[in-house]
Amino acid sequence: MTPQLESVSKPSKPIKASKLSWLGPGVVLGGLLPLVVMIWDAYSGLLGANPVQRATHQTGLLATILLLASLACTPLRQTLGWTWPARVRKALGLLAFTYAFLHMLIYFVIDHGLSLSVIVEDILKRPFITVGFAAVVLMIPLAITSSKGMVRKLGFVRWQGLHRLVYLAAGLAALHFIWQTKKDLREPLLYAGILGVLLLTRVVWNLRKKKGRPAAAPASRSS
Amino acid sequence: MSHIPPEESSLEPKNEAQTMQRREFLKNAVLTTGTIVGVGGSLSLLTRQASAATPEAALIGGAKRPLGPYDTSEAQTSYQSITTYNNFYEFGTDKAEPAKRAGTLKTRPWTVLLDGEVKKPQRVDIDTLQSWFPLEDRIYRMRCVEGWSMVIPWFGFPLAALVRRMQPTSKAKYIQFTALNDPKQMPGQLEGVLEWPYVEGLRLDEALHPLSFMAVGIGGRLLPNQNGAPLRLVVPWKYGFKGIKSIVRITLTSTMPRTTWALSNPGEYGFYANVNPKVDHPRWSQATERRIGELSRRPTLPFNGYAREVASLYSGMDLRRNF
Ligand code: HEM
């Protein structure tokens, strides 16, 4: 497993370590900024007539957008040759998980006062909650194993296999978005469409790679 | 990240390397801040919503009075919330949009066509129609099918008075309401989410029930556009979508009207739409609701708490099937 490991921990085009050192902290703090704004809005009564619902919607949307952003990193490298997004992929994924978890907590704790019977009934009986919950559950092992140490511990192939679950989680999240809508499907379908394009890019890329270069260099395998 | 040079050298950099280091640090600080603002700003732009301002409407109503037999004594929802949190798809599907976009609706001059199974069909000006009846307050609970509720001080007249004035023929069994259909005034109609015009209806005995109400105002003020000016229906024991807004036509019919939400999704919305905590929406529970202004949920009551008054209208009916 060690040879493949090299390919993850070092980017294909070596960049001086200090050159992009601002990117990671910038993305993490920037990703948390909407949370700070939301807390400020809640405090100053700017979340509207139904603040709990507004907070649910905002965290749900943030989770979705950040999840899509984390899934865009690889297609950006494949199509445009950009290598820098891969440096923030982990941060984007963890931010998405943070917002998804908060979103779930708001619903179960504030909305339903942690009533176990309501929570169980919701998860079992309401398809849009079932798939949302499944998406959060799927994201837990990914968040836990997101560190470099974990990649090493699991071995890259196994780690990569595990992290393919993110496609399933994103698909479920898109379904959740569609199913929670009363009527106006334009916004959820837009996000589902973006997810579709991102996944299609990978599929096309992988097919082309298989055909064109049967023995692809290990360096280009980090997906 | 130990980019900060030691104290004494910050006054007078000793060599090239230190100057470079300091420049690098400054550059990083600027780039980090830029990224924070760029990432945080775009995420906020995509997900945060500005709240709409409270409208100013002309006072038409009278002074405070003792509660009437149909009024609830529960705490009233704030005027701000009532007028900025609206489902009025003619102005967009987001609840903040009607308050921001309904300015294009022109509510004067306005006429209402009264026709169908009536002795003499007629078109009447809204101000004339309003002058036919003494206007009164009604403080009602309002329960939305989405699981939230408000307490609203409506101002208007009982629907029964209007129906009687229309002089129904013996064939009249239902009443149908039609809302304005004009995409120039109602830009949301261009978005094709529902079929326009919005149509609602009641059985005639429901319409004659003293709780059924036609509102022209809220809290003694003329209805703000986003609340369905200049004339809207209020049926407090039914889900809020029955309360059709900006009505231009009222028709008595012999057959059950084909109502907008029931047409658009017959598995989820029915003609009756009586508030019923035991019959869940296919995708969410109706057992509880959030009263706007409160954090946690409260149980939903059968017929929205008006069971004593209206349950007898439905005796013998299977309310699970007739949802
Ligand atoms: C147990 C897990 C989850 C629960 C209980 C849950 C619950 C909810 C609820 C109650 C709503 C609002 C429905 C409404 O107001 O009508 C909602 C909306 C939403 N959720 Fe979730 N959700 C979960 C997981 C997720 C996940 C994992 C994602 C994305 C990664 C997500 C993204 C969204 C989005 C985008 C919306 C719509 C926001 C909008 O309309 O602006 N949810 N969710």
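Relevant structure appears above.
Note that residues are indexed from 1 along each chain, following the sequence as it is written. In the order they appear in the text, chains get letters beginning with A and ligands get numbers beginning with 1. Thresholds applied to this predicted model are a pLDDT of at least 70 for local features of residues and 80 or more for the giving and counting of side-chain atom pairs; totals over whole chains, interfaces and linings are not thresholded and use all residues. Computation of side-chain values covers all heavy atoms of the structure but excludes hydrogens and water.

Novice: What exactly am I supposed to notice about the nonpolar core here?
Specialist: Nonpolar side chains tend to gather and get buried jointly when the protein is soluble and globular. Buried residues of nine kinds, namely Ala, Val, Leu, Ile, Met, Phe, Trp, Tyr and Cys, make up a nonpolar core once their side-chain atoms join them within 4.5 Å. Burial status follows relative accessibility: with a 1.4 Å probe on protein chains alone, a residue under 20% of its type maximum counts as buried, one over 50% as exposed, and anything between as partly exposed. Counting residues in hydrophobic clusters, the biggest one holds 77 residues, and the most contacted among them are Leu159, Leu162, Ile175, Phe177 and Ile250 of chain B. Considering each element in turn, this core owes the most residues, 6 residues, to strand β4 (residues 148-158) of chain B. In what follows, a contact means two residues having at least one pair of non-hydrogen atoms within 4.5 Å. Contacts of leucine 159 of chain B, omitting those with residues within four sequence positions, involve Ile175, Phe177, Leu202, Ala207, Ser212, Phe213, Met214 and Leu233 of chain B. In terms of nonpolar packing, the next biggest core, distinct from the first, is built from 52 residues, Met38, Ala100, Ala173 and Ala174 of chain A among them. Secondary structure follows DSSP: runs of H or I at least 4 residues long count as helices, runs of E at least 2 residues long count as strands, and numbering of each begins at the N terminus.

Novice: Just to check I follow, could you spell out the side chain of threonine 260 of chain B for this structure?
Specialist: Tracing the backbone through its elements, the reader meets threonine 260 of chain B in helix α8 (residues 260-264). The contacts of threonine 260 of chain B, once residues within four sequence positions are left out, are Leu194, Glu195, Pro197, Tyr198 and Val199 of chain B.

Novice: Mind showing me how you'd approach the interface of chain A and chain B here?
Specialist: Interface size, as often reported, equals the accessible area lost upon joining of the parts. Taken together, the 41 residues of chain A in the interface contact 43 residues of chain B. When two components associate, each loses some accessible surface as probed by a 1.4 Å sphere; the sum of these losses over both components is called the buried area. Ranking the residues of chain A by area buried against chain B places Trp22, Lys182 and Lys183 of chain A at the top, with a combined share of 21%. Any carboxyl oxygen of Asp or Glu within 4 Å of a side-chain nitrogen of Lys or Arg constitutes a salt bridge here. Joining chain A to chain B, the criterion identifies 7 salt bridges. Residue arginine 290 of chain B is joined to aspartate 111 of chain A by a salt bridge in which the shortest nitrogen-to-oxygen separation is 2.2 Å. In protein, a polar contact means a hydrogen-donor-capable atom and an acceptor-capable atom, both N or O and within 3.5 Å, with residues adjacent in sequence counting only if both atoms are side-chain atoms; elsewhere, any N or O pair within 3.5 Å suffices. Where chain A meets chain B, there are 17 residue pairs in polar contact (both at pLDDT 80 or more). Sorting the residues of the side of chain A that touches chain B by element identifies α2 (23-43), α3 (51-80), α4 (85-111) and α5 (116-125) of chain A as the ones contributing at least two each. We call Asp, Glu, Lys and Arg charged. Ala, Val, Leu, Ile, Met, Phe, Trp, Tyr, Cys and Pro are nonpolar, and the rest, Gly among them, are polar. In terms of residue class, the side of chain A that touches chain B is built from 19 nonpolar, 12 polar and 10 charged.

Novice: Honestly, the sheet that holds strand β6 (residues 199-203) of chain B in this entry has me stumped. Any pointers?
Specialist: Strands in a sheet are paired, the pairing made by backbone hydrogen bonds, and the direction either parallel or antiparallel. Residues and elements named next belong to chain B. The rule for pairing is simple: two strands pair if DSSP sees at least two bridges between them. What the 5 strands build is an open sheet, ordered β2-β1-β10-β5-β6; its pairing is mixed. Bordering the open sheet on either side are β2 (122-125) and β6, each of which pairs with just one other strand. Neighbouring strand axes in the sheet, compared pairwise and without regard to direction, differ in orientation by 20 degrees on average. Of the strand pairs in this sheet, strand β5 (residues 174-179) and strand β10 (residues 247-253) are connected by 6 bridges, and their pairing is antiparallel. Bridge pairing in β10 links glutamine 176 to threonine 251. Angles here are taken between N-to-C directions and fall from 0 to 180 degrees, while the axes themselves are lines fitted to C-alpha atoms, restricted in helices to the stretch in contact.

Novice: Quick question: what am I supposed to make of the site of the ligand here?
Specialist: Residue and element names in this part refer to chain A. Near is defined per residue: the residue qualifies when any heavy atom it owns lies within 4 Å of the molecule or strand. Neighbouring the ligand are 22 residues, the closest being His57, Thr64, His103, His176 and Gln180. Histidine 176 has a polar side-chain atom sitting 2.7 Å from a nitrogen atom of the ligand. Elements with a contribution of two residues or more to the shell around the ligand: α3, α4, α6 (127-144) and α9 (165-179). It is α3 that contributes the most residues to the shell around the ligand, 7 residues altogether. Here the shell around the ligand is built from residues that sort into 13 nonpolar, 9 polar and no charged.

Novice: Explain unusual backbone geometry here, please?
Specialist: If a residue is not glycine, its phi is most likely negative; likewise, a peptide bond is most likely trans. All names here are of chain B. Backbone torsion omega between tryptophan 196 and proline 197 reads 0 degrees, so that peptide bond is classified as cis. Note that the residue after alanine 229, namely proline 230, is joined by a cis bond; omega there is 0 degrees. Inspection of the secondary structure assignment puts proline 230 in the loop between β8 (221-222) and β9 (232-234). For glutamine 167, which is not glycine, the phi dihedral falls at a positive 55 degrees.

Novice: Just to check I follow, could you spell out the side chain of serine 44 of chain B for this structure?
Specialist: Looking at where serine 44 of chain B falls in the secondary structure, it is placed in helix α2 (residues 16-47). Beyond its immediate sequence surroundings of up to four residues, serine 44 of chain B is in contact with Pro34 and Val37 of chain A.

Novice: Explain the pairing of strand β11 (residues 288-291) of chain B to me, please; I cannot follow it from the model alone.
Specialist: A regular strand places its side chains so that they alternate between the two faces of the sheet. Residues and elements named next belong to chain B. Pairing of β4 with β11 involves 2 bridges; the strand directions are parallel. Bridge pairing in β11 links tryptophan 148 to arginine 290. Sheet analysis places β11 next to strand β12 (residues 298-299), joined by 2 bridges and oriented antiparallel. Paired with threonine 288 across the two strands is proline 299, which belongs to β12. Two successive antiparallel strands, β11 and β12, enclose a turn made up of 6 residues, where glycine 293 displays a positive phi of approximately 105 degrees.

Novice: Could you clarify how one ought to interpret the pattern of salt bridges in this entry?
Specialist: Any two side chains of opposite charge can pair, so long as their charged atoms come close to each other. All names here are of chain B. What the rule picks out here adds up to 28 salt bridges over all chains. Two residues, glutamate 289 and arginine 143, come together in a salt bridge whose shortest N-O distance is 3.1 Å. With a gap of 146 residues between them, glutamate 289 in strand β11 and arginine 143 in strand β3 (residues 136-143) connect regions that are remote in the sequence. The pair glutamate 289 / arginine 143 is uniform in exposure class, with both members buried. Among the salt bridges present, the one from arginine 203 reaches aspartate 205, with a minimum N-O distance of 2.9 Å. The exposure class assigned to aspartate 205 is partly exposed, which follows from its relative accessible area of 34%.

Novice: How do you make sense of α2 of chain A when you look at a structure like this?
Specialist: Think of an α-helix as 3.6 residues a turn; residues three or four steps apart then line up on the same face. The first and last C-alpha atoms of α2 of chain A sit 30 Å apart over 21 residues, in line with the 30 Å expected at 1.5 Å per residue. Those residues of α2 of chain A that are buried are in contact with α3 and α4 of chain A together with α2 of chain B. Helix span, as expected, comes to 1.5 Å for every residue beyond the first.

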